[in-house]
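Residue strings, one per chain:
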Amino acid sequence: MNSNEFQACEDEIKSLEEEIKMLTEEYEHSQHQSVTYTEAEIMEIMKLLRRKPEEELKQSKSSPDQETQLHLLEADLSFIMKFTGIFFTHYSRKLVEKNGSKTIQTYKMSGKCQSISFQLEFKLTEESQMNRNASAIVTDLNIITLCDTHCDLSKLVSRVEENGNLCLFFRSLTCFSEWCKHRERAFTHFKNKYPDVVALPEGSHGDYMLLRSTQLPEFELMIVWKIQVDEKGNIIPVLDLLNKIPLQGTLANKFASDAPQGFRSLLHMVGIQACIETVIISISKGK
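Residues numbered from 1 in each chain as written. Predicted model: local features only at pLDDT ≥ 70, side-chain atom pairs only at ≥ 80, totals over all residues. Heavy atoms only, no water.

> Please explain unusual backbone geometry as it appears in this structure.
Where the residue is not glycine, phi is negative for most of them; where a peptide bond is considered, it is trans in most cases. Positive phi values are uncommon outside glycine, yet Q114 reaches one of about 55°. Take Q114: it is sitting in the loop between β2 (102-113) and β3 (116-129). (Helix = DSSP H or I, 4+ residues; strand = E, 2+ residues; numbered from the N terminus.)

Laid out in structure tokens, this is it:
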């Protein structure tokens, strides 16, 4: 085997390894997306994880001191952050009013979920009633989100600020961040596997990739991958195929009108990863 053949084998092995890694990540992502936990299930999981240290405390000869309680609280917080992917970097609370069974406090907190930073400020009114569970109402909610990707969370933020549903915000933020990370991994994978065809003008954090034909120098396509969030918190990945450089002629015009529809049809049949790769392979062969 000469050096060229040996190099070709090495390149093929490397390509297969990258593809296996990509498929593994896609499988893990799909598994994560397919599992939806209710609030009751999440609380049950947390209780199970806390049961062991709590039982140990009960068996202890002395009552738990403040240091032990702090350790348990830190363990709970660590679990919640790992479970949701949301990490808090700042937290403050201020008592506004306390009148009998009614307590009003203001909260300020900031944190990060993947590449998205957020800041929250709200007022929490808690009131305990005889023989009833305590009620808690969130008001004066203000949310600021910052991210280094092309994202639009404005509809979700407006809805959450209106109804004070913090659970909706954090659930949607977690799912949205996972999709952004999935898109970033996909773009990086295709750029590494097809460096002569794929271009990422805004890097892997962007929301589009360019496909340049090695056979037709002036032929260029753009795959746009948006991740939208509606006011109900539903995460909707939207992909489309566009012509980066306007084409001319009857056949070119027909291609320009038919290609996006064909791309969307293929997308529904084979999924995001396979659809993008099919287009890349076609353009690399000049088809």
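Picking up where we left off.
> Would you explain helix α4 (residues 154-163) in this entry?
Note on helix geometry: an α-helix contains 3.6 residues per turn, so any two residues three or four positions apart are oriented the same way. Inspection of α4 places L156, V157 and V160 among the buried residues, and these make up the whole buried set. Seen end-on, α4 carries its buried residues on one side only, within an arc spanning 95°. With respect to the buried face of α4, the exposed residues turned more than 90 degrees away are K155 and E162. (Buried < 20%, exposed > 50% of the residue type's maximum accessible area, 1.4 Å probe, protein only. Arc of directions from axis to C-beta.)

> Please clarify how the pattern of salt bridges should be interpreted in this entry.
Pairing between side chains of opposite charge can happen when their charged atoms approach one another. In total, this model carries five salt bridges according to the counting rule given. One salt bridge in this structure joins E277 and K193, with 2.7 Å as the shortest N-O distance. Note that E277 is positioned in helix α7 (residues 272-284) and K193 in helix α5 (residues 166-193), a separation of 84 residues in sequence. Classification of K193 by relative accessible area gives buried; the value is 17%. The salt bridge involving R264 is made with D240; its shortest N-O contact spans 2.8 Å. (Salt bridge = Lys/Arg side-chain N within 4 Å of Asp/Glu carboxyl O.)

> Just to check I follow, could you spell out the packing of α4 against α5 for this structure?
For any two helices packed against each other, the geometry is given by the interaxial angle and the distance between the axes. Interaxial distance between α4 and α5 falls to 9 Å at its minimum, and their mutual angle equals 160°. Judged by the angle between their axes, α4 and α5 are roughly antiparallel. Every pair of crossing elements has a handedness; the one defined by α4 and α5 is left-handed. Every residue of α5 that contacts α4 at L156, V157 and V160 is listed here: L168, F169 and S172. In terms of residue class, the contact of α4 with α5 is made up of five nonpolar, one polar and no charged. (Axes fitted to C-alpha atoms, helices over the stretch in contact; angles between N-to-C directions. Parallel < 35°, antiparallel > 145°, perpendicular 65-115°, else oblique. Left-handed = near helix turned anticlockwise from the far one by under 90°. Contact = heavy atoms within 4.5 Å. Nonpolar A, V, L, I, M, F, W, Y, C, P; charged D, E, K, R; others polar.)

> Which parts of the structure should I look at to understand the pairing of strand β1 (residues 86-99)?
Each regular strand shows side chains that alternate between the opposite faces of the sheet. Pairing between β1 and β2: 12 bridges, direction antiparallel. Looking across to β2, one finds that E97 is bridged to I104. Counted along the chain from β1 to the antiparallel partner β2, the turn is two residues long, and its residue G100 has a positive phi close to 65°. (Pairing = 2+ DSSP bridges.)

> Explain the sheet that holds strand β8 (residues 235-243) here, please?
In a beta sheet, neighbouring strands are held together by backbone hydrogen bonds and run either parallel or antiparallel to one another. Read from one edge to the other, the open sheet built from four strands follows the order β5-β6-β7-β8, with strand pairing classed as antiparallel. In this open sheet, the two edge strands, each paired with only one partner strand, are β5 (198-199) and β8. Relative to strand β7 (residues 220-229), strand β6 (residues 208-212) runs antiparallel, the two sharing five bridges. Across the sheet, residue L210 finds its bridge partner in β7, namely M222. In the packing of α7 onto the sheet, contacts are made with β5, β6, β7 and β8, and the angle to β7 comes to roughly 165°.

> In this structure, what is going on with the packing of α5 against α7? I would like to understand it.
Between α5 and α7, the shortest axis-to-axis distance is 12 Å and the interhelical angle comes to 30°. Accordingly, the angle class assigned to the pair α5 and α7 is roughly parallel. Where α5 crosses over α7, the handedness of that crossing is right-handed. Contacts between α5 and α7 involve W179, H182, A186, F190 and K193 from the former and I272, Q273, I276, E277 and I280 from the latter. Here the residues of the contact of α5 with α7 are counted per class, giving six nonpolar, two polar and two charged.

> I tried to follow the confidence of the model for the protein chain on my own but got confused; where do I start?
When pLDDT drops low, the exact placement of atoms in the prediction is not to be read closely. Mean pLDDT over the protein chain: 77, with 69% of residues reaching 70 or higher. Within the protein chain, no element has a lower average pLDDT than helix α2 (residues 39-59), which sits at 52, and none a higher one than β5, at 94. The low-confidence segment residues 30-36, where pLDDT is below 50, has five contacts with residues more than four positions distant or belonging to other chains. (pLDDT = per-residue confidence, 0-100.)

> Quick question: what am I supposed to make of the side chain of E220 here?
Note that E220 resides in strand β7. When its relative accessible area of 11% is taken as the criterion, E220 is described as buried. At 2.6 Å, the side chain of E220 forms a polar contact with the side chain of R212. (Polar contact = N/O pair within 3.5 Å; in protein donor to acceptor, adjacent residues only side chain to side chain.)

> Before we go on, may I ask you to explain the environment of R171 in this structure?
Summarising the element assignment, R171 is placed in helix α5. Taking the relative accessible area as the measure of exposure, R171 reaches 45% and is therefore partly exposed.

> I keep staring at the nonpolar core and nothing clicks. Help me out?
What tends to happen in soluble globular proteins is that the nonpolar side chains get buried as a cluster. By size, the foremost hydrophobic cluster in this structure holds 50 residues, and its most contacted members are F169, M209, L211, W225 and I276. Here this core gets 11 residues from one element, more than from any other, and that element is α5. Apart from residues no more than four positions distant in its own chain, M209 is found in contact with F187, F190, V198, A199, L200, L221, M222, I223 and I276. One finds A199, Y208, L210 and M222 within the second-largest nonpolar core, a separate group that totals five residues. (Core = buried A, V, L, I, M, F, W, Y, C linked by side-chain atoms within 4.5 Å.)

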